[in-house]
Amino acid sequence: MAAPPRFTAMTADRIPGGLRLCRACGWNQLEEDWRFFLDAPGSGGVVSERAGNILGTAAWIRYGALAWIAMMLVDPAERGAGVGAGLLAEALSSVAHVPCVGLDATPAGEPLYRRFGFEAHSSVIRTKAVVDGALLPGPSGAVRRMVEADLPDIYHWDRKVFGADRSLLLAALFARAPECAWVVGGAARLRGYTFGRPGHLYYQLGPVVAADAATARELAAGCLSRLHGRKVAIDAGAARGEFLGFLQSAGFVEERCFARMYLRGCVPPGVPSAQYAIAGPEFG
Ligand SMILES: CC(C)(COP(=O)(O)OP(=O)(O)OC[C@H]1O[C@@H](n2cnc3c(N)ncnc32)[C@H](O)[C@@H]1OP(=O)(O)O)[C@@H](O)C(=O)NCCC(=O)NCCS
């Protein structure tokens with residue numbers, strides 16, 4: 001009989017094992033993504049291990065008064081045996097002191113999260129395309145590449161919109177993929193911003209935060225025009241119909257849905273209607 005799996009901390013030397021699981025399950029994360037969970041203060045990860053093999057992972061990020069649960073992934077051959085529940089219990093005990101806990105659930109994960117007290121808040125739709133520059137509107141002139149001096153204003157806005165401080169994540173995204181970081185406005189007249197990052201299978205564009213749908217469209221179009229021929233995912237709020245319509249016109253196809261959930265319904269005090277696309281289910 002196989003020895004029962006044990007739970008232990010995710011560490012830098014276990015990242016290759018975590019990534020092997022990502023590759024086996026068609027997930028997009030790179031080493032840099034796992035490193036963020038290990039390096040950001042108050043964040044971390046846990047793995048389920050048997051005889052040196054990683055069978056499952058979970059991670060959490062601390063955004064001030066909000067903790068974000070991510071990377072819940074169990075080897076297909078080990079599912080349905082309590083590994084996922086064990087990982088989630090470990091992750092939740094690590095963030096037990098944080099007022100709000102959120103995550104983006106796949107349909108496979110949702111029943112498990114409900115059992116632990118998570119409640120659905122909103123829906124996110126994953127859209128994907130191989131970018132065809134010919135389908136994008138011409139440059140409006142309002143969108144420009146982000147520069148470091150934009151970041152303080154962006155952090156200020158983002159805290160209001162997201163409802164928690166994810167400035168460390170935004171700084172990391174800017175450092176990793178400045179070619180995906182765009183703004184409209186600036187110098188105290190900011191109207192929107194977007195970040196993005198490369199992944200194993202596709203670029204992920206987001207968050208896209210904007211004062212209105214037209215600005216969100218301009219930001220996405222500006223960034224996408226530099227990604228012609230690349231595969232890109234954008235996870236848009238299901239309630240952002242006008243933005244989803246734009247994505248459809250740009251060739252993006254709806255692939256699947258995530259449920260944004262919060263533990264015991266504790267929702268951070270943000271303005272979700274201004275977030276047209278999320279950073280990604282693993283980052284909030
Ligand atoms: C979601 C996932 C992590 C669950 O891991 P797991 O090890 O199979 O979960 P467990 O065995 O601990 O199951 C926990 C409970 O959920 C139930 N469950 C597990 N998968 C289920 C499914 N697909 N549908 C309905 N119930 C399910 C189990 O029966 C169990 O309930 P019980 O304790 O009442 O019997 C795993 O299915 C997975 O890796 N899926 C693919 C990646 C993914 O979608 N991750 C979630 C990201 S948000």
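Thresholds, definitions, all that
Numbering of residues starts from 1 in each chain and follows the order in which that chain's sequence is written. Given that the model is predicted, a residue must reach a pLDDT of at least 70 before its local features are reported, and side-chain atom pairs must reach 80 or more before they are shown or counted; all residues, however, enter totals for whole chains, interfaces and linings. To get the side-chain values, take all heavy atoms of the structure and skip hydrogens and water. Put simply, DSSP marks the helices as runs of H or I at least four residues long and the strands as runs of E at least two long, and each gets a number from the N terminus on. Throughout, exposure labels follow a simple rule: accessible area from a 1.4 Å probe, protein chains only, divided by the maximum for the residue type, with under 20% read as buried, over 50% as exposed, and the rest as partly exposed. Note on contacts: a residue pair is in contact if any heavy atoms of the two residues lie within 4.5 Å. Every helix has an expected span of 1.5 Å times one less than the residues it contains. Throughout, near means a residue has at least one heavy atom within 4 Å of the molecule or strand. For the purposes of these results, a polar contact is taken to be a pair of N or O atoms within 3.5 Å, where, inside protein, one atom must be able to donate a hydrogen and its partner to accept one; residues adjacent in sequence count only when each atom of the pair is a side-chain atom. Areas reported here follow the Shrake-Rupley algorithm with a probe of radius 1.4 Å; residue values treat only the protein chains shown as occluding. Note on residue classes: Ala, Val, Leu, Ile, Met, Phe, Trp, Tyr, Cys and Pro are nonpolar, Asp, Glu, Lys and Arg are charged, and everything else, Gly too, is polar. For two strands to count as paired, DSSP must find a minimum of two bridges between them. Orient the strands so they point away from the viewer, and a crossover whose first-strand-to-second-strand path over the helix runs clockwise is right-handed.

A. Inspection of the overall build of the protein chain at higher detail. Check the secondary structure of the protein chain and you find 8 helices and 13 strands. Projected onto the principal axes, the alpha-carbon positions of the protein chain cover approximately 65 × 35 × 30 Å. When burial is assessed residue by residue, the protein chain has 53% of its 284 residues classed as buried. Sequence-distant contacts, at least 24 apart, represent 72% of the contacts inside the protein chain between residues at least 6 apart.

B. Structural context of helix H7 (residues 213-224). For H7, with 12 residues, the first-to-last C-alpha span of 16 Å sits near the 16 Å given by 1.5 Å per residue. H7 sits mainly inside the fold: 9 of its 12 residues count as buried. Within the span of H7, buried status applies to Ala 213, Thr 215, Ala 216, Leu 219, Ala 220, Ala 221, Gly 222, Cys 223 and Leu 224.

C. The site of the ligand, seen in detail. Surrounding the ligand, one finds 20 residues, the nearest of these being Gly 80, Gly 82, Gly 84, Thr 106 and Arg 115. Between the ligand and Gly 80 there is a distance of 2.7 Å, counted from an oxygen atom to a backbone nitrogen or oxygen. About the coverage of the ligand: the protein hides 67% of its 910 Å² of free accessible area. Looking at the shell around the ligand, the elements that each hand over two or more residues are strand E4 (66-74), helix H3 (83-94), strand E5 (100-105) and helix H4 (110-115). Partitioning the shell around the ligand into residue classes produces 12 nonpolar, 5 polar and 3 charged.

D. Spatial organisation of the pairing of strand E10 (residues 203-210). The buried count for E10 comes to 8 of 8 residues, which makes it a mostly enclosed element. Linking two consecutive strands that pair antiparallel, namely strand E9 (residues 192-197) and E10, is a turn of 5 residues. As paired strands, E10 and strand E11 (residues 231-237) are joined by 2 bridges and run parallel to one another. Among the inter-strand pairings, Tyr 203 is bridged to a residue of E11, identified as Val 232. Crossover connection from E10 via H7 to parallel E11: handedness right-handed. Where E10 and strand E13 (residues 275-277) come together, 2 bridges link them in antiparallel fashion.

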